[in-house]
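The residues making up each chain are set out below.
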Amino acid sequence: MQKKLGLSLSLKHFIFPKNNHWLRRILLVFAFIFFDYFSTMVFCRVPSEEANVYARLFMESFGVQAGLTIFVLVANLPVYVTLTLDSHLVRFPPKMAVVAEVFTDFVFAWFIAGLHFSGGTSWFWQASSSIRQVLGAVLYLVGAFVFIKPYKPCHSENGLSA
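Read on for an overview of the structure.

Helix and strand content of the protein: six helices and two strands. Along the protein, from the amino end to the carboxyl end, the secondary structure elements read α-α-α-α-α-α-β-β. Classification of the 162 residues of the protein by burial places 40% in the buried group. Only carbon and sulfur atoms are counted for the fraction: they give 70% of the accessible area of the protein, which is about 9600 Å².

Below, the structure is given as structure tokens:
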């Protein structure tokens, strides 16, 4: 598909991130998603034990394991595709890239990692959900600032690179 802006998309843009910088971010985000998935898979015996209404609906329709697996794939495929596609399309000037990357990591920390960490630990840790979510967000940010280094992205002529 070719547009007037000189943008071409292929299937690989939706499947493979452009560089290791984005791959590391995807792996970090999905580490929290899979933590929630596996802890739910281990501890959830019947769908009524699941707090997420949508996941519960899938579990009631397809069984606990199959329903949870389908739900996780359906719910998180847009996150993966967005990050992968973003790695090919978004080009910021260096200073703006740093701000955008740090902002992205704070959003992911709270809305993805924090929520999934809270959900995953709710099976075995009786702390309040806000404490679990804050801890998940902090763990994500530590991982992001140690392994991804959004404050210090590498730049090439075409944008970020690994």
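Okay, back to it.
Tracing the backbone through its elements, the reader meets Tyr37 in helix α2 (residues 20-43). Counting along the chain gives 31 residues from Tyr37 to Leu68, while the straight-line C-alpha distance between them is 7.5 Å. Ignoring any residue separated from it by four or fewer positions in sequence, one finds Tyr37 in contact with Leu68, Thr69 and Val72.

A few words on a nonpolar patch on the surface. Where nonpolar side chains cluster on the molecular surface, the patch consists of Trp110, Phe111, Leu115, Val134, Val138, Val142, Val146 and Phe147 and spans about 770 Å² of accessible area. Contributions of two or more residues to the nonpolar patch are made by α5 (94-121) and α6 (129-148). Among the elements that make up the nonpolar patch, the one with the highest residue count is α6 (five residues). Its place among the elements puts Leu115 in helix α5.

To continue, consider α5. For α5, which comprises 28 residues, the first-to-last C-alpha distance of 37 Å matches the rise-based estimate of 40 Å (1.5 Å per residue) to within 8%. The sharpest bend along α5 comes to roughly 40°, located at Ala109.

Below, the discussion takes up the nonpolar core. Val29, Leu83 and Tyr140 are the most contacted members of the largest nonpolar core, which has 29 residues in total. Counting only elements with at least two residues in this core, the list comes to α2, α3 (53-62), α4 (64-89), α5 and α6. At nine residues, the largest contribution of residues to this core is made by α2. If we ignore the near neighbours within four places in the chain, the residues touching Val29 are Val79, Leu83, Phe108, Ile112 and Tyr140.

This model, assessed by the stated rule, comprises 13 aromatic pairs. A centroid spacing of 5.7 Å and a plane angle of 25° characterise the contact between Phe35 and Phe117, whose relative ring orientation is stacked. With Phe35 in helix α2 and Phe117 in helix α5, the pair connects residues that are 82 residues apart, well separated along the chain. Using a relative accessible area of 29% as the deciding quantity, one classes Phe35 as partly exposed. Under the relative-accessibility criterion, Phe117 is labelled buried at 12%. Three or more aromatic residues link up through ring pairs in this structure, and these residues are Phe32, Phe35, Phe43, Phe117, Phe124 and Tyr140.

Cut-off values and rules
Residues numbered from 1 in each chain as written. Predicted model: local features only at pLDDT ≥ 70, side-chain atom pairs only at ≥ 80, totals over all residues. Heavy atoms only, no water. Helix = DSSP H or I, 4+ residues; strand = E, 2+ residues; numbered from the N terminus. Buried < 20%, exposed > 50% of the residue type's maximum accessible area, 1.4 Å probe, protein only. Areas by Shrake-Rupley, 256 points an atom, 1.4 Å probe, with all protein chains shown as cover. Contact = heavy atoms within 4.5 Å. Patch = residues over 30% accessible without salt bridge, like charges linked within 9 Å, V, L, I, M, F, W, Y side chains within 5 Å. Salt bridge = Lys/Arg side-chain N within 4 Å of Asp/Glu carboxyl O. Expected span 1.5 Å × (residues − 1). Bend = angle between axes of the 7 residues up to and from the residue. Core = buried A, V, L, I, M, F, W, Y, C linked by side-chain atoms within 4.5 Å. Phe/Tyr/Trp six-rings, centres within 6.5 Å; stacked < 30°, edge-to-face > 60°.

From the geometry alone we can't say anything about function, so treat these as descriptive.
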